[in-house]
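Residue-level structure breakdown
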Amino acid sequence: MAQYARNAAAVAVIRLRNPPVNALSLTVLQALEDGLKRADADPSVKAVMICGENGKFSAGADIQGFSSPKRQGIALGPLVSLIERSEKPVVAAIEGIALGGGLEVALGCHFRVAHVQARMGLPEVTIGLLPGAEGTQRLPRLIGVPAALDLITTGRHIPATEALKLGLVDEVVEENTVEAGIRLANKLIASVSLENVSSKENRELCKHARILTGCPAGQPLGPRRLSLKPIPRLPNMEAFLSEALVKVKKQARGCLAPELCFQAVKAATEQPFADGVQRERELFNILLTSGQAQALQYAFFAERAVQRWTTLSGASWKSASPQPIRRAAVIGLGTMGRGIVTSLVKANIPVVALEQDVEYLNTGRKAVMLLLEREAMKMGQDAQSLDFHNPARLQFTVDFDGLRDVDLVIEAVFENMALKKEIFKKLSGICKPGAFLCTNTSALNIDEIASATSHPQQVIGTHFFSPAHVMRLLEIIYGRHTSPAAIATAMQLAKAMKKVGVVVGNCFGFVGNRMMFPYVQQAVFLLEEGSRPENVDQVIEDFGFKIGPFRMSDLAGLDVGWRSRKGQGLTGASLPPGTPARQRHGRRYSPLPDLLCEQGRFGQKTGKGWYQYEKAGGRTARPDPWLHSFLSEYRDTHQIKTRFIDQEEILERCLFSLINEGFNILAEGIASGPEHLDVIYINGYGWPKHKGGPMFYASTVGLPRILAKLQKYSEAHPDVPELRPSAFLKKLVAAGNPPLKEWMSCSGSQSSKL
Ligand SMILES: CCC/C=C/C(=O)SCCNC(=O)CCNC(=O)[C@H](O)C(C)(C)COP(=O)([O-])OP(=O)([O-])OC[C@H]1O[C@@H](n2cnc3c(N)ncnc32)[C@H](O)[C@@H]1OP(=O)([O-])[O-]
């Protein structure tokens, strides 16, 4: 709702009220309209101020409402116009946040005062929409086309100080914003009512108010109605727009909203306000029904749903309390360790960084300092708080004794069970009993690592993604003995590092890498059968992934998987003589990645892998004729008949096998809902957010179709168990293909929280 109140003077106060973020539900909009009409009808009201309850203006339209089947009632755009048309000055007092429709309401107001800590933005693009309450037409009139285009197509939130520089707000205050808003409203009343009074004192006051408001005499609000303002012209508007479009399209990678946001702003530069609004509405409706908006809104709520974690044994976020982390340690300063130290420092957690010897320590220290200096440059003024040259904030050591008083340790050494167990045994003896012992393994058994300690309840997996100071995902893996407090603390740590933590169970590869395995496996099998790396990558990148499986493998280094396969006895010296080249344990196996490694082709780092690069360490992948003839010879050697493989088969075999593994994971209770898998894939594996994550995508394709295709591919490749449809998938199809939010109630496992 919105609360209407009168203060002692002539200012009516309308307070938006819909906890926790004052989303503009239909009830709120109706109450806002009623308040405006009431203020208009009351001759003793001379000005109106709009603010929000609980220190927040508004987070915009109620996102739940967009997917509601009955989305009827009052529309926000006409309400913003109603505010703007008011004959009485309307002031917005912005505290906390003014986002989306919330900012559009403020744009309808004649004046905007913001608290210095407030943040503003039009983030509709991030949920697949555009600012459809006339925001695409008003904002460019207020702050100019380039700045408006930037805010609308990226959805970024800006601080009040930047908003002031852009001219988005009139005043930034450090004190009580509502009082400042009322003060401004009273000055405006004075400006209007004193216009015709001739005393010198009043004329002075009136002049002051006009300077403050920028309104000429006799037209107190005219120039303040943004719909009446012309668009600030650029000398080269056409060229500017064409360049901007190229940039927007490049960044969108198949997501519609940024381009349609662009089109709406372009309409503002070409058409009168009313026609621009009409165009904005058309474009908004295209987005609303595009499917992408649903996927992005699902992703928005999924990210929040995973915060409410549960485990198979019934522990949950409701009852577990996180413990404070006053000091943390990181063991191992390789690529991952360096990024983890950087993340902790940025989260203002004092860190002890440990390496095995002085040489490694010095190399690691240099690399960490370089990363932190780069981060500090990006952060500008805020970087002062990092204070990373202070040994009380960041300390480097080779001595395990330095870890005695830390509250949490993150081990980030090589992926080697014996080494990890040795380190955990040491930690168990040195660290205080309440310290949490985290391992950054990407696949190894948490229970086995915990068995080396005397406090297995303190041991937990924290799987970071590379580069660890950039990637948002933190997979949090609980073992058989992990305490709920350890899970709650790891989740809290993720939040402090501005990451999204997802709690999952313990199995080989956990969720992300376990689902990735069949996907990469299919990609390599497709090469054996006739595709080329660039064909497969293209299909996957056209789907919207940031990077295809072969470019990814070259980037990560082929030697990483090779080492792991050698460790598992799948290749290398420990392979029993007489093992068929393309079979392991009765299943199809492709030795192609091993053969490349044997040739020293490790990917970007050696300048050659699935592609060729300009030099070792080069970044530009070019198709490699050597690889093409190598593949032909390989097929000849193994008598594989080359065939043309179309895009549909490439996409389906890679993605449906990954999704199939997702259903197995859900059935085993390794993740408590499909949203966990989707959040992991969007934030850690480059899955296009506008396709909602693999499980949401499966729900849009339709489970019967996924099942039928898996059955077909499985019949064609009976020696590939990963293509055999999951029993849970079959069960869901038999249950009539229920909507995603009902899947878990069919699993016999936990229920979804979406
Ligand atoms: C029609 C014309 C065009 C207009 C379009 C729009 O305005 S589109 C909208 C454009 N606006 C946006 O895109 C803004 C989207 N919102 C945000 O970016 C952030 O939520 C935040 C910065 C407002 C607060 O961050 P924070 O980390 O402090 O907190 P938090 O993120 O955990 O959220 C707390 C709770 O509030 C919930 N909730 C939040 N917003 C909405 C909403 N609009 N609606 C409904 N619910 C919303 C959220 O789900 C969560 O619920 P839970 O899980 O507790 O049940």
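Residues numbered from 1 in each chain as written. Predicted model: local features only at pLDDT ≥ 70, side-chain atom pairs only at ≥ 80, totals over all residues. Heavy atoms only, no water.

**With respect to helix H14 (residues 335–346)**
Its 12 residues give H14 an end-to-end C-alpha distance of 17 Å, which sits within 8% of 16 Å, the value for a rise of 1.5 Å per residue. If you check which residues of H14 are buried, you get Gly337, Gly339, Ile340, Val341, Thr342, Ser343, Leu344 and Val345. (Helix = DSSP H or I, 4+ residues; strand = E, 2+ residues; numbered from the N terminus. Expected span 1.5 Å × (residues − 1). Buried < 20%, exposed > 50% of the residue type's maximum accessible area, 1.4 Å probe, protein only.)

**Re the sheet that holds strand E8 (residues 158–159)**
Pairing within the open sheet is mixed, and its 3 strands lie in the order E5-E7-E8. Every other strand in the sheet has two partners, leaving strand E5 (97–99) and E8 as the edge strands with one partner each. Examined bridge by bridge, E5 and strand E7 (residues 119–121) share 3 bridges and lie parallel to one another. Its bridge partner being in E7, Leu99 is matched across the sheet by Gly121. (Pairing = 2+ DSSP bridges.)

**Things to note about the site of the ligand**
Taken together, 23 residues lie around the ligand, and Ala59, Ala61, Ile63, Gly101 and Arg304 are the ones closest in. Ala59 has a polar backbone atom sitting 2.8 Å from a nitrogen atom of the ligand. Arg304 is positioned with one of its side-chain polar atoms (N or O) 2.7 Å from an oxygen atom of the ligand. Surface burial for the ligand is 72%, taken as the share of its 1000 Å² of free accessible area covered by protein chains. Elements represented by at least two residues in the shell around the ligand include exactly helix H2 (63–66), E5, helix H4 (101–108) and helix H13 (292–305). For the shell around the ligand, the element with the highest residue contribution is H13, accounting for 3 residues. (Near = heavy atom within 4 Å. Polar contact = N/O pair within 3.5 Å; in protein donor to acceptor, adjacent residues only side chain to side chain. Areas by Shrake-Rupley, 256 points an atom, 1.4 Å probe, with all protein chains shown as cover.)

**Focus on the packing of aromatic side chains**
For any pair of aromatic rings, the description rests on two quantities: the centre-to-centre distance and the angle between the ring planes. Tallying each qualifying case throughout the model produces 16 aromatic pairs. Ring plane angle 75° and centroid distance 5.3 Å describe the contact between Phe465 and Tyr685, whose orientation is recorded as edge-to-face. One end of the pair, Phe465, is in the loop between strand E15 (459–464) and strand E16 (473–478); the other, Tyr685, is in the loop between helix H26 (674–684) and helix H27 (694–701), with 220 residues separating them in the sequence. One exposure class covers both Phe465 and Tyr685, and it is buried. Judged by centre distance (6.1 Å) and plane angle (70°), the rings of Phe663 and Phe728 are edge-to-face. With Phe663 in helix H25 (residues 647–668) and Phe728 in helix H29 (residues 727–734), the pair connects residues that are 65 residues apart, well separated along the chain. A relative accessible area of 0% means that Phe663 is categorised as buried. (Phe/Tyr/Trp six-rings, centres within 6.5 Å; stacked < 30°, edge-to-face > 60°.)

**Details of the environment of Leu595**
Mapped onto the fold, Leu595 is located in helix H23 (residues 592–598). Residue class for Leu595 comes out partly exposed when judged on its relative accessible area of 25%. Residues Leu595 and Thr571, 24 residues apart in the sequence, show an inter-C-alpha distance of 9.9 Å. Discounting chain neighbours no more than four positions away, the residues touching Leu595 are Phe630 and Tyr634. (Contact = heavy atoms within 4.5 Å.)

**Considering the side chain of Ser81**
Inspection of the secondary structure puts Ser81 in helix H3 (residues 76–85). Of the residues examined, Ser81 reaches a relative accessible area of 13% and is grouped as buried. Of note is the side chain of Ser81, whose polar atom sits 2.9 Å from the side chain of Glu134. The contacts of Ser81, once residues within four sequence positions are left out, are Glu134 and Arg138.

**Concerning the pattern of salt bridges**
Two side chains bearing opposite charge may form a pair once their charged atoms approach each other closely. Within this structure, the stated rule accounts for 39 salt bridges. The closest approach of N and O atoms between Arg480 and Asp447, which form a salt bridge, is 3.8 Å. Taken together, the residues Arg480 in the loop between E16 and helix H18 (484–496) and Asp447 in helix H17 (residues 446–450) connect sequence positions 33 residues apart. For Arg653, the salt bridge identified is with Glu529, shortest N-O distance 2.8 Å. With Arg653 in helix H25 and Glu529 in helix H19 (residues 512–529), this residue pair connects regions lying 124 residues apart in the sequence. (Salt bridge = Lys/Arg side-chain N within 4 Å of Asp/Glu carboxyl O.)

**Structural notes on unusual backbone geometry**
Cis rather than trans, the peptide bond between Pro19 and Pro20 has omega equal to 5°. Within the secondary structure, Pro20 is located in the loop between strand E2 (11–16) and helix H1 (26–41). Its identity is not glycine, yet Phe510 carries a phi of approximately 55°, on the positive side. Relative to the helices and strands, Phe510 is located in the loop between strand E17 (500–504) and H19. Phe510 sits in the buried class, given a relative accessible area of 0%.

**Digging into the pairing of strand E14 (residues 436–439)**
Of the two faces of E14, the one lined by Phe436 and Cys438 and the one lined by Leu437 and Thr439 are each fully buried. Direction of pairing for strand E13 (residues 408–411) relative to E14: parallel, over a ladder of 4 bridges. Bridging from a neighbouring strand, Leu408 pairs with Phe436 of E14. In the classification by handedness, the crossover that spans E13, the intervening helix H16 (residues 417–430) and the parallel E14 is right-handed. Inspection of the sheet shows E14 paired to E15 by 3 bridges, in the parallel sense. In the sheet register, Cys438 faces E15, and the bridge partner there is Ile460. (Right-handed = clockwise from strand over helix to strand, strands pointing away.)

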